[in-house]
Amino acid sequence: MKEVRVRYAPSPTGDPHIGNIRSAIFNWLFAKNKKGKFLVRIEDTDQARLVENGIQKQKDSLKWFGLDWDEIYIQSERLKIYSKYAQQLLEEGSAYRCFATQEELDKLREKQKKSGRITRYDSRYRNYDPKLSKERSKAEPYVIRFKSPQKGITKCLDNIRGEIKFNNKEMDDFIIIKSDGYPTYHFANVIDDYLMNISHVMRAEEWLPSFPKHVNIYNSLNWEMPIFVHLPMILAPDKTKLSKRHGATSVEEFKQAGYLNSAMFNFLVLLGWALDDKTEFFTVEELIKVFDINKISKSPAIFNKEKLDWFNGRYILNSKYDDFAKEINNYFKQFLDIKKYKAIQNYNINDISIMIKERCKTLNDAIMLTEFLYQKPKFKSKYEIQIMCDNPEQCQTILTSSIESLNDIQEFTIENIESILKSLMTKLKVKPKNLLGTLRIIITNQKISPPIFNCLYILGKKESIKRIQFAIDYL
RNA sequence: GGCCCCAUCGUCUAAUGGUUAGGACACCACCCUCUCAAGGUGGGAAUACGGAUUCGAAUUCCGUUGGGGUCACCA
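A short note on the packing of helix α19 (residues 432-444) against helix α21 (residues 461-474)
Stage number 1. Direction vectors running N to C along α19 and α21 enclose 100°, while the axes themselves pass 9 Å from each other. As judged from the angle between their axes, α19 and α21 are roughly perpendicular. Together, L439, I442 and I443 of α19 and S464, R467, I468 and A471 of α21 make up the contact between the two elements.
Stage number 2. Its residues assigned to classes, the contact of α19 with α21 comprises five nonpolar, one polar and one charged.

Structure, rendered in structure tokens:
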């Protein structure tokens, strides 16, 4: 059996899209499963759409997911190769020069539209005299077009869909080399896949309509084709192509929103692939073992953010406290403003981890849950403080005796805080809501917070008492 | 509009001719509980429609409908 060699072929035209990364993951997993090679090929043949750091962004995203590559190529460095094969096709009569200008083509298209016909290049230079063509090429700009078959059908084999037939009369003579000398995707892609010995082409389903173009190039060059696998699309909840207007689409955005690479990896793999009817948590190692391209589904998958959140929450929940501590610290460092980050350094990050881990769906939740550490309470009215109590007197009593109780604690641990406050509740004959609820409000200034005992512990005895005193003074 | 692909709970999916059509997210109810989560228990929820083949169809075939993709000197 031939060595498995697969590739991820992004164009460096922006932030890596989550759908593309899913393709990369499938390719990578398949390569690892078959002990083959995973290549990255930067398809930068459109000079107009290049973006600054485009290549680096692609690399960074792959690295974030741990998708390491065995070889990397950049198409713009391979222009001579494409040109060579274009020349060959030219000489063999499988391609021809076209001197039609942009305006000319626009006019043609407009005319076709007006008369209700489909818009398509009319092959006007297909039978142009080769000698004349060569002569004009010395002085005039031109493109090279592929001579598509005009009769019959082109059969295309997709690994998950079977044979797909296209009527050749639908095909036009598409461009393979642009007037700036760069190849188009259709051409460079085929040439490179062949020269790089790619065994399986796993790419997005959007390529299906241009599949026959690629097949015809292989045929005219007499090249053996790789196995093609067209991956189902990832759609937005409105069932259209996932794009900016639906929210986050790039890896960077998800990272910033506080998602873990491991959770996203797991979630993304299950969009269009499943092992069986029950397994949903996989480590990368397990995935490498069980990944099977024959289990890739045909139908598109809708990107379900709730499920991603759930996955992320599970990954956080199942992580070790010190690992999670590192994650949030890292996240705070990157995405919290410096002042707040510095303020939070005053507290033990491991204690914070213990306090909030099971409450976080994303790392971003950690910001909200720890805000009280550096944001001193502010009250708008007495009522705000008294809201959890049955009456103002009770509130007063709770606050003053809480200070006494906390003061009595020798070792300020979560357990000690809990037991002393619980016995205080019994002594004062107040409900948990009265005492703990009130403390929650005056300590964190929020109705929702991590467990109050943990909050007090992290703040420390001094600061805790200070905040209670502050509330008493406000009454 | 032409061409192409697709069709199981709202969503991700399992079941490759025989299952009470399974699981997960989400939702609802109850339990637990210092709030919020987490956890536990239970619940509602799907084979788009119509034919054909077959003893038997979610599964095979045909059609209809619906959705998507694509029609550039972009990938």
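Structural notes on the domain arrangement of chain A
Stage number 1. Split into domains, chain A comes out as domain 1 (5-72 + 234-308), domain 2 (78-188), domain 3 (320-374) and domain 4 (382-474).
Stage number 2. Placing a centre on the C-alpha atoms of domain 3 and another on those of domain 4 gives a separation of 23 Å.
Stage number 3. Counting residues at the interface gives 12 residues for domain 3, matched by 12 residues for domain 4.
Stage number 4. Taken over both partners, the interface formed by domain 3 and domain 4 buries close to 990 Å², and the fraction arising from carbon and sulfur atoms is 68%.
Stage number 5. Looking at the side of domain 3 facing domain 4, the largest losses of area belong to D351, M355 and F372, adding up to 54% of the total buried there.
Stage number 6. Put simply, domain 3 and domain 4 have two residue pairs in polar contact (both at pLDDT 80 or more) between them.
Stage number 7. Taken together, the residues that form the side of domain 3 that touches domain 4 break down as nine nonpolar, no polar and three charged.

Some points on the packing of helix α12 (residues 321-335) against helix α15 (residues 363-374)
Stage number 1. With their axes 10 Å apart at the nearest point, α12 and α15 run at an angle of 80° to one another. The pairing of α12 with α15 is recorded here as roughly perpendicular in orientation. Contacts between α12 and α15 involve F324, E327, I328, Y331 and F332 from the former and L363, N364, A366, I367 and T370 from the latter.

Topic: the pairing of strand β7 (residues 162-167)
Stage number 1. Taken together, the six bridges between strand β6 (residues 153-158) and β7 define a ladder with antiparallel strand orientation. Along β7, the bridge assignment pairs T154 with F166.
Stage number 2. Here β6 hands over to β7 after three residues, the two strands then running antiparallel side by side.

What counts, and at which threshold
Residues numbered from 1 in each chain as written. Chains lettered and ligands numbered in written order. Predicted model: local features only at pLDDT ≥ 70, side-chain atom pairs only at ≥ 80, totals over all residues. Heavy atoms only, no water. Axes fitted to C-alpha atoms, helices over the stretch in contact; angles between N-to-C directions. Helix = DSSP H or I, 4+ residues; strand = E, 2+ residues; numbered from the N terminus. Parallel < 35°, antiparallel > 145°, perpendicular 65-115°, else oblique. Contact = heavy atoms within 4.5 Å. Nonpolar A, V, L, I, M, F, W, Y, C, P; charged D, E, K, R; others polar. Domains from an automatic or database assignment. Buried area = accessible area lost by both parts, 1.4 Å probe. Polar contact = N/O pair within 3.5 Å; in protein donor to acceptor, adjacent residues only side chain to side chain. Pairing = 2+ DSSP bridges.

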